[in-house]
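Structural features, examined
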Amino acid sequence: APVATDLVEDLVKPYPVKVKRKRAKHITVNDPDEIPPIEANVRSTPGIITTRGCCYAGCKGVVLGPITDVIHIVHGPIGCSYYAWMTRRNQADVPESEQDFLKYCFSTDMTTNEIVFGGEKKLAQAVREAYEIFHPKAIDIFSTCPVGLIGDDVHAVAREARKELKIPVFAFSCEGYKGVSQSAGHHIANNGLFKNVVGTEELPAEAKTNPFRVNMLGEYNIGGDAFEIERLLNACGIQLVATFSGNAQLAELAHSQDANLNLIQCHRSINYMATMMETKYGIPWLKVNFIGAEATAKTLRKIARYFGDDELTARVEIVIAEELAKVEPVRQAVRARVEGRPVMLFVGGSRSHHYQSLFRDMGMPVVTAGYEFAHRDDYEGYQVASTIKVDADSRNIEELTVEADPEHYRARKSPEELERLKASVDIADYKGMMPEMAKGAMVVDDISHHELEQLIETYHPALVCSGIKDKYVVEKMGIPCKQLHNYDYGGPYAGFRGAVNFYQEIDRMVNSPVWGFIPTPWEKQSA
Ligand code: SF4
């Protein structure tokens, strides 16, 4: 294997001096025993071909967009709506009796007229029209780049509409230029959901009989992942109160404060919600991972340990045994065909870590990985979160001040119980990606096109995992590229059934004969 230390120097060599210095801080050689600091969540270098998106994408596209019975109106020119229209595969299974607006895209379609004279009137009219046609339970509004610049007050429009229509109408100032990536949008979305939705309803008494009540935070049901997680929780006798926000309806989120434990799948996009709910309502949170068969088993055991109930623990063990019995033969068969073949992972803000479990199941080493928009705590672990300095580019993202709710705060566990539990369950902690990566593996934050190309040439991986913008670039280099945002239109990959799907899919990709046909027969002859 190439020596990663020299690689850092090599990777940044072609850049101008200033860029070289800057990018070198985003690239590091891993050491799980002594995690090196990495620069993350700072602005991208202009012109470098980053894979990042914007704050609007993080707020509307990721966190709020999957809620099925709310009309999401995008206030802006048509592009932002159009490009985000059904392109993220957050699936839903909405009962016939309920409303589902997922297939639509709603826009105020701003034109020059609104830029010059302001767009508030058109927005108010759009909200009214949407209400008259669809009668939704709620409407939310998303600001795009020009909205902040021309000074439209989307929150005032929402306030007026709320009075007029008597339904929740709330707005998000998630202009695309805020922060440095999708990440700012997650934070803004968390704040808005927490202020306007969570705690506005109560879980009906008949739904409060099961003490093992959890919320799934940061699970967006891509390719049906949340369906599989729900199936497993049900089988174990754990009640899912709400999922933020795959296959979610507004009412679930509104009474999610009645759960007894928050489970975080995607730490980056929803950790704010978990800590705010802990402070206001007393709900502890656990970082979990339902990606990978071993990881799923570990997660279910962790939840059982938290609740500390013998019957639940026994049920969880039965489910794990039954499920693993089905997974094992497939895993062994695939492992024999893929073991030892190196993988590179460059995905948004959490999957580059989670999917390492699936590759571990198959014996495929991860030689290099990185995130588009994660922060240092996602790389290095939760303990560095308090030391991170917020820089000028992210300072305008609001930090809510939250206090214990005098009426609704209910400590789920006593401080002593929590302390005791901490010995066996990592409550309110996330270890990050780097401690689970091999020594000498490379970690690259906000990777550029040049860096990706050069890493592929250096490592000759059997597989690259990334997104749609990289996929065809990589495959033209003769290497399969698995999209880990949209799953190449497959899935689910979560839980036990998802693991089986994933093993088979990776086997098909890396062992496809097509890769052997790229050099022509006469090129092979002359070689
Ligand atoms: S950067 Fe601005 S214009 Fe582009 S998608 Fe985001 S909000 Fe829309």
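Everything discussed here concerns the structure shown above.
What this report covers is the structure whose coordinates are included nearby. (Residues numbered from 1 in each chain as written. Predicted model: local features only at pLDDT ≥ 70, side-chain atom pairs only at ≥ 80, totals over all residues. Heavy atoms only, no water.)

**So, the layout of surface pockets**
Taken as a whole, the second largest pocket encloses approximately 770 Å³ of empty space. Put simply, the parts of the chain that give the lining of the second largest pocket at least two residues each are helix H9 (182-196), helix H12 (267-281) and helix H16 (376-380). Looking at which element gives the most residues to the lining of the second largest pocket, the answer is H12, with six residues. Broken down by class, the residue content of the lining of the second largest pocket amounts to 14 nonpolar, 12 polar and eight charged. (1 Å grid on protein atoms, 1.4 Å probe; cavity = no way out; pocket = protein on both sides within 12 Å on 5 of 7 lines; lining within 4 Å. Points joined across faces, edges and corners; volume = space filled by probe spheres on them. Helix = DSSP H or I, 4+ residues; strand = E, 2+ residues; numbered from the N terminus. Nonpolar A, V, L, I, M, F, W, Y, C, P; charged D, E, K, R; others polar.)

**A closer look at the packing of helix H14 (residues 310-338) against helix H20 (residues 495-510)**
One can describe the packing of H14 onto H20 by two numbers: an axis separation of 9 Å at closest approach and a directional angle of 15°. Taken together, the axis directions place H14 and H20 in an arrangement best described as roughly parallel. As H14 packs across H20, the resulting crossing turns out to be left-handed. Contact residues: Glu323, Leu324, Val327, Val330, Arg331, Val334, Arg337 and Val338 in H14; Phe496, Val500, Tyr503, Gln504, Asp507 and Val510 in H20. (Axes fitted to C-alpha atoms, helices over the stretch in contact; angles between N-to-C directions. Parallel < 35°, antiparallel > 145°, perpendicular 65-115°, else oblique. Left-handed = near helix turned anticlockwise from the far one by under 90°. Contact = heavy atoms within 4.5 Å.)

**Describing the packing of aromatic side chains**
The geometry of an aromatic ring pair is captured by two quantities: the separation of the ring centres and the angle between the planes. In the structure shown here, the tally under the stated rule is 18 aromatic pairs. On the numbers, 5.5 Å between centres and 80° between planes, the contact of Tyr82 with Tyr83 is edge-to-face. When its relative accessible area of 66% is taken as the criterion, Tyr83 is described as exposed. For the ring pair Tyr487 and Tyr493, a centre distance of 4.5 Å and an interplane angle of 40° mean the geometry is tilted. Each member of the pair Tyr487 and Tyr493 is classed as buried. One aromatic cluster in this structure is built from Tyr355, Phe359, Tyr487, Tyr493 and Phe502. (Phe/Tyr/Trp six-rings, centres within 6.5 Å; stacked < 30°, edge-to-face > 60°. Buried < 20%, exposed > 50% of the residue type's maximum accessible area, 1.4 Å probe, protein only.)

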